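Commentary on secondary and tertiary structure
Okay, here's what each chain looks like letter by letter:
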Amino acid sequence: MHPDTQGLTRRQTIITIAAACCCAGLPAEAMTPTVDQITDLSSTAATDMFRFAPDLLRVEPGTALEFTNSRGDHTVHSVPQLWPEGVVPVKISHKPSALVTLPVDGLYGFRCRRHGKYGMVMLAIAGAGEDLSTIEARVNAMRAGAREKARFRELIARYRAES
């Protein structure tokens, strides 16, 4: 191997290792979680076809979520009964990508306005979350169909089990 080629390879290796070491030290909150809106055409039922991925997230307050694929029929809307008081509601449609910041501790419920009836919902918990003692009454008060409410109950049960 020619000495110049060998030196170049060694330099590239050193730069790659240095970059990996620097990036590995980045705090987790510097990363923006991505939530994809999926239409799975291989599904045999609409209740499995339309979904957010992931559908349950725990993040620190101040974290921004990136919602992708709010195009065509998919939308992202906040659910008033599952939304911290004083936080601006979310309404996203016709965007390939949009950022939503979760500014305070709490429970943040999202739904696709068109496909929520099939259970296309998600839940994000920022920080310590909140007291869930009134959660069943709040889910019951939602203007939503039975499947949508059932999916929120499933997500809340998963959140409780993981806590």
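For the structure, check the block above.
Here goes a summary of the coordinates provided. Numbering of residues starts from 1 in each chain and follows the order in which that chain's sequence is written. Whole-chain, interface and lining totals are the exception, using all residues; otherwise, since this is a predicted model, local features are given only for residues with pLDDT of at least 70 and side-chain atom pairs are given and counted only at 80 or more. Water and hydrogen atoms play no part in the side-chain values, which are based on all heavy atoms of the structure.

Moving on, we get to the layout of surface pockets. The method is simple in principle: a probe with the dimensions of a water molecule rolls over the atoms, and the space it marks as empty is what remains. A cavity here means a set of 1 Å grid points, computed over protein atoms only, where a 1.4 Å probe fits but cannot escape. A pocket is an open set with protein on both sides within 12 Å along at least 5 of 7 lines, and lining residues have an atom within 4 Å of a point. Grid points are joined across faces, edges and corners, and a volume is the space filled by probe spheres set on the points. Space inside the largest pocket adds up to approximately 270 Å³. Just so you know the grouping, Ala, Val, Leu, Ile, Met, Phe, Trp, Tyr, Cys and Pro go in nonpolar, Asp, Glu, Lys and Arg go in charged, and all remaining residues, Gly too, go in polar. The class makeup of the residues in the lining of the largest pocket is eight nonpolar, three polar and five charged.

Now for the pattern of salt bridges. In the sections that follow, a salt bridge refers to a side-chain nitrogen of Lys or Arg positioned within 4 Å of a carboxyl oxygen of Asp or Glu. By the definition in use, this model includes eight salt bridges. Note that D55 and R158 form a salt bridge whose closest N and O atoms lie 3.0 Å from each other. With D55 in the loop between β2 (50-53) and β3 (56-59) and R158 in helix α4 (residues 146-162), this pair connects stretches of sequence that are 103 residues apart. When its relative accessible area of 15% is taken as the criterion, D55 is described as buried. Relative accessible area serves as the criterion here: at 35%, R158 is assigned to the partly exposed category. As a salt-bridge pair, E148 and R111 come within 2.4 Å of each other at their nearest N and O atoms. Helix and strand definitions here come from DSSP, where helices need a minimum of 4 consecutive H or I residues and strands a minimum of 2 consecutive E residues; each element is numbered from the N-terminal end. The rule is simple: take the accessible area with a 1.4 Å probe, protein chains only, and divide by the maximum for that residue type; under 20% is buried, over 50% is exposed, in between is partly exposed.

On to the side chain of H77, then. As for its position among the elements, H77 is in strand β4 (residues 63-78). In this structure H77 comes out as buried when scored by relative accessible area, which is 8%. Any N or O atom pair separated by 3.5 Å or less is treated as a polar contact, with the protein-specific requirement of one donor-capable and one acceptor-capable atom, and with residues adjacent in sequence counted only for side-chain atom pairs. Polar contacts involving the side chain of H77 include one to the side chain of T75, which spans 3.2 Å. It only takes one pair of heavy atoms within 4.5 Å for two residues to be counted as in contact. Discounting chain neighbours no more than four positions away, the residues touching H77 are V90, K91, I92, G109, F110, R111 and R113.

Ring pairs shown here join Phe, Tyr and Trp side chains whose ring centres sit within 6.5 Å, with only the six-membered ring taken for Trp; geometry is labelled stacked below 30 degrees between planes, edge-to-face above 60, and tilted in between. Taken as a whole, this structure holds five aromatic pairs when the rule is applied. Ring centres of W83 and Y108 lie 4.9 Å apart, and the angle between their planes is 85 degrees; this geometry places the pair in the edge-to-face category. A residue pair is termed long-range when its members are at least 10 positions apart, and W83 in the loop between β4 and β5 (91-102) and Y108 in strand β6 (residues 106-111) qualify at 25 residues. On the basis of relative accessible area, W83 is assigned to the buried category, the value being 11%. Seen from their ring centres, W83 and F110 are 5.2 Å apart, and the 90 degrees between their planes marks the pair as edge-to-face. A residue pair is termed long-range when its members are at least 10 positions apart, and W83 in the loop between β4 and β5 and F110 in strand β6 qualify at 27 residues. Here a set of aromatic residues connected by ring pairs shows up, and it is made of F52, F67, W83, Y108 and F110.

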